[in-house]
Amino acid sequence: MRVNPMETSQMMLKDMLLEGVVFVLSGFVNPERGTLRSQALAMGAEYQPDWNSNCTLLVCAFQNTPKFRQVEADCGTIVSKEWILECYAQKKLVDIDPYLMHAGKPWRKNSISHETCEEKQGSSLPKSYKKVETQSKTSSGSSENRASQLAQESFSPSKVKKWVIDDFNGTIAWLESQEEKPESHEIKQIAREGILTCLQDAIDCLAQKQDVQQITEQWSFIPRVVKEIVVFDGNNRDSLTKEYLLKKAKLCKQIYEDELSRMDDNSSKRKKPKTDGGEEGDQKGTQASSRNASGYDSDETIEMTEEEIDLAYKNFASGTL
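Residues numbered from 1 in each chain as written. Predicted model: local features only at pLDDT ≥ 70, side-chain atom pairs only at ≥ 80, totals over all residues. Heavy atoms only, no water.

(A) How the structure looks around the overall build of the protein chain. The helix and strand tally for the protein chain stands at 14 helices and five strands. Evaluated residue by residue, the protein chain yields a buried proportion of 35% over its 321 residues. As displayed, the protein chain has an accessible area near 20,200 Å², and 51% of this comes from carbon and sulfur atoms. (Helix = DSSP H or I, 4+ residues; strand = E, 2+ residues; numbered from the N terminus. Buried < 20%, exposed > 50% of the residue type's maximum accessible area, 1.4 Å probe, protein only. Areas by Shrake-Rupley, 256 points an atom, 1.4 Å probe, with all protein chains shown as cover.)

Next comes the structure, spelled out in structure tokens:
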């Protein structure tokens, strides 16, 4: 049997396409899950059942799965299944950018074998990977400046104020979805306290130079500001010092407190006073009673005999003639 050299080289290249990729699957069920796993493994990737520090890529069916939120908070890269399918079908590494669901840390590990493959493939490498490779060659000083600029943009007051509204509404929705939910008149207060407490926990972690990631494991609903802090606190190119993040976190907490307080005040002002049996109704009733008392309140009518009534009537009639 004669072996085609071109087919052999393509098969070898296919086995190396995803070398250095450590992937996790989320939102898929068999047989689709098994197919994706087999195809990725056939292209040289390594599979992990759960996300950990060794993983580089999450292949996700849709947004907002538990793993999606975990990887997003860890600044990991998330891609749709179509990228795996296209790479396998075309027997080449197709551009990953159109399939990205979240762009984060490099989606594959650097290795000597991959660098050799990169030289062979040339332009078939995805743009996002080329950007990562270029950024990794920059100095640590420029990386810190870049991270600082990103943080300034991410934690701008206008963005933080929007997060407050989203977090407040999201926390209320989450509380209302629980089987054992708080009383309706308590739910807003509990939501406010929960958001601020979670943020304070993150501040305490930064002050004690601990990993803020642990906060996301302790709370069921994570405020957006805490997720952003986790991104810049991780071990990646965009990491910032805990001292810098601590200052940002404290400023954000002040904004959260001010906005939540303002929302509470506006809510109180929008409440209309009761007119049927309420305070205002009572006040009006009291005023009416006062007017009646000065005129002819039936409860204060003086009892009169028939003679007195006749006399009063005669006096009244003579006075009107």
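(B) Geometry of the packing of aromatic side chains. The full count for this structure, using the stated rule, is four aromatic pairs. Judged by centre distance (5.9 Å) and plane angle (50°), the ring pair of phenylalanine 155 and phenylalanine 232 falls under tilted. Of the two residues, phenylalanine 155 sits in the loop between α7 (140–154) and α8 (157–177) while phenylalanine 232 sits in helix α11 (residues 224–233), which places them 77 residues apart along the sequence. Classification of phenylalanine 155 by relative accessible area gives buried; the value is 6%. Given the relative accessible area of 4%, phenylalanine 232 is considered buried. (Phe/Tyr/Trp six-rings, centres within 6.5 Å; stacked < 30°, edge-to-face > 60°.)

(C) Molecular detail of the pairing of strand β3 (residues 57–60). The side-chain alternation of β3 yields two buried faces, one formed by Leu57 and Val59 and the other by Leu58 and Cys60. Here strand β1 (residues 22–26) pairs with β3 via four bridges, running parallel. Looking across to β3, one finds that valine 24 is bridged to leucine 58. In terms of strand pairing, β3 meets strand β4 (residues 77–80) through four bridges, oriented parallel. Residue cysteine 60 lies in a different strand from β4, and its bridge partner there is serine 80. Running through helix α3 (residues 66–73), the crossover from β3 to the neighbouring parallel element β4 is right-handed. (Pairing = 2+ DSSP bridges. Right-handed = clockwise from strand over helix to strand, strands pointing away.)

(D) Geometry of the nonpolar core. Phe155, Val212, Val225, Val226, Ile229 and Tyr256 are the most contacted members of the largest nonpolar core, which totals 37 residues. Of all the secondary structure elements, the ones that give two or more residues to this core are α8, α9 (187–207), α11 and α12 (242–270). Element by element, the count of residues in this core is highest for α9, at nine residues. If you look at the next biggest cluster of nonpolar residues, it comprises 21 residues, including Val21, Ala45, Val79 and Val94. (Core = buried A, V, L, I, M, F, W, Y, C linked by side-chain atoms within 4.5 Å.)

(E) Representation of the sheet that holds strand β5 (residues 100–102). Here five strands make up an open sheet; going across it, the order is β2-β1-β3-β4-β5 and the pairing mixed. One side of each edge strand has no neighbouring strand; the edge strands of this open sheet are β2 (46–47) and β5. Running over the sheet, helix α4 (residues 81–90) touches β3 and β4 and is turned about 65° from β4. (Contact = heavy atoms within 4.5 Å. Axes fitted to C-alpha atoms, helices over the stretch in contact; angles between N-to-C directions.)

(F) Quick peek at the side chain of lysine 248. Summarising the element assignment, lysine 248 is placed in helix α12. The class of lysine 248 is buried, set by a relative accessible area of 12%. With residues near it in sequence (within four places) discarded, lysine 248 still touches Gln152 and Phe155.

(G) Inspection of unusual backbone geometry at higher detail. With an omega of 10°, the peptide bond running from asparagine 30 to proline 31 counts as cis. Structurally, the position occupied by proline 31 is in the loop between β1 and α2 (32–42). In this model, cysteine 75 sits at a positive phi of 60°, which is unusual for a non-glycine residue. The phi angle at lysine 209 is positive, at roughly 60°, despite the residue not being glycine. Of note, lysine 209 is situated in the loop between α9 and α10 (213–218).

(H) Inspection of the side chain of threonine 171 at higher detail. Mapped onto the secondary structure, threonine 171 falls in helix α8. On the basis of relative accessible area, threonine 171 is assigned to the buried category, the value being 7%. Excluding anything up to four places from it in sequence, threonine 171 contacts Ala191, Ile195 and Phe221.

(I) Inspection of the packing of α8 against α9 at higher detail. Where α8 meets α9, the axes come as close as 9 Å, and the angle between the chain directions of the two elements is 120°. Accordingly, the angle class assigned to the pair α8 and α9 is oblique. Handedness of the α8/α9 crossing: right-handed. Judged by residue contacts, Asp167, Phe168, Thr171, Ile172, Leu175 and Glu176 of α8 engage Ile187, Lys188, Ile190, Ala191, Arg192 and Ile195 from α9. Residue classes in the contact of α8 with α9 are distributed as seven nonpolar, one polar and four charged. (Parallel < 35°, antiparallel > 145°, perpendicular 65-115°, else oblique. Left-handed = near helix turned anticlockwise from the far one by under 90°. Nonpolar A, V, L, I, M, F, W, Y, C, P; charged D, E, K, R; others polar.)

(J) Here's a closer look at α9. Compared with the 30 Å implied by 1.5 Å per residue over 21 residues, the 30 Å span of α9 between its first and last C-alpha is a close match. If you check which residues of α9 are buried, you get Ile187, Ala191, Arg192, Gly194, Ile195, Cys198, Leu199, Ala202, Ile203, Cys205 and Leu206. One or two positions beyond α9, positive phi appears at lysine 209, with a value near 60°. (Expected span 1.5 Å × (residues − 1).)

(K) Summary view of the pattern of salt bridges. Summed over the entire model, instances satisfying the criterion amount to nine salt bridges. A salt bridge links aspartate 166 to lysine 162, with the nearest nitrogen and oxygen atoms 2.9 Å apart. Taken as a pair, aspartate 166 and lysine 162 lie in helix α8 at a separation of four residues, close to a single helical turn. (Salt bridge = Lys/Arg side-chain N within 4 Å of Asp/Glu carboxyl O.)

Just geometry here; none of it tells us what the structure is for.
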